[in-house]
Amino acid sequence: MSALSRRLRRPLEQFFVRRLGVGPEIDDLVQEVFERLLRQKRLDAVDRLDGYVFTVAANLLRDRVRKHSAQGGRDVALDCIPDLSDNITPERVLIGKDSLNRFLAAIAELPERTRNVLMLRRFEGLEFKAIALQLGISVSAVEKHMLRAMDELSRRLDLE
């Protein structure tokens, strides 16, 4: 669970901030997601764990909104919380899997340093200066690696 927490804590925080704005309750909501996951008996049997985690987060927001509105308050509209079941078709699932596989393959084909810079920036959310310090390279080199990564991904995924 600690590896999952390390990997998804920041994306969960961003998930809640996008829907609620910055506030002291963000950490509490993230913690509640992990508490709900700990209560699950067969979490290891879940196929798409990341998607399941964000479904738990969306459900937590819905519960929070219902509870808050029952108490007479209004700070979040239910329509800002995505309904994760809308428009899920087998075709969309296959298209999504194919896109993800192409994306992961394109990332894997990047040179190691470029891939590391991309991962630290996009998935860890580090600033260029922090990446430069961590990898022992200049900020300019980090910028060049990011440009190379984005150009390569755009070219390989036909995003141009």
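Reading the values: rules and limits
- Residue numbering note: each chain is counted from 1, following its sequence as written.
- This being a predicted model, a pLDDT of at least 70 is required before a residue's local features are given, and a value of 80 or more before pairs of side-chain atoms are given or counted; all residues contribute to the totals for chains, interfaces and linings.
- Hydrogens and water molecules were not included; the side-chain quantities draw on all heavy atoms of the structure.
- Side-chain atoms within 4.5 Å link the members of a nonpolar core, which is a set of buried Ala, Val, Leu, Ile, Met, Phe, Trp, Tyr and Cys residues.
- Here's how the labels work: a residue is buried when its accessible area is under 20% of the maximum for its type, exposed when over 50%, partly exposed in between, all with a 1.4 Å probe on protein chains only.
- The numbering of helices and of strands both runs from the N terminus, where a helix is a DSSP run of H or I of at least 4 residues and a strand a run of E of at least 2.
- Here, two residues are considered to be in contact whenever any of their heavy atoms come within 4.5 Å of each other.
- Take a side-chain nitrogen of Lys or Arg and a carboxyl oxygen of Asp or Glu: if they are within 4 Å of each other, that pair is a salt bridge.
- A pair of aromatic rings is counted whenever rings of Phe, Tyr or Trp (Trp by its six-membered ring) have centres within 6.5 Å, and the orientation is called stacked for planes under 30 degrees apart, edge-to-face for over 60 and tilted otherwise.

A. Representation of the nonpolar core in the model. One finds L12, F16, V33, F34, L37 and V53 to be the most contacted residues of the largest nonpolar core, which totals 18 residues. For this core, the secondary structure elements donating two or more residues are α1 (2-20), α2 (25-39) and α3 (49-70). Setting aside anything within four residues of it in sequence, one finds V33 in contact with L12, F16, V53, V56, A57 and L60. Formed by 15 residues, the second largest nonpolar core is a distinct cluster that contains I107, L118, A132 and M146.

B. Broad picture of the pattern of salt bridges. Tallying each qualifying case throughout the model produces six salt bridges. Two residues, R36 and D63, come together in a salt bridge whose shortest N-O distance is 3.1 Å. Of the two residues, R36 sits in helix α2 while D63 sits in helix α3, which places them 27 residues apart along the sequence. Taking the shortest distance from any N to any O, the salt bridge between E152 and R156 comes out at 3.1 Å.

C. The arrangement of the packing of aromatic side chains in detail. In total, this model carries two aromatic pairs according to the counting rule given. For the ring pair F15 and F16, a centre distance of 5.3 Å and an interplane angle of 80 degrees mean the geometry is edge-to-face. What makes F16 buried here is its relative accessible area of 0%. Between F15 and F54 the ring centres are 5.6 Å apart and the planes differ by 65 degrees, which places this aromatic pair in the edge-to-face class. Of this pair, F15 sits in helix α1 while F54 sits in helix α3, and the two are 39 residues apart along the sequence.

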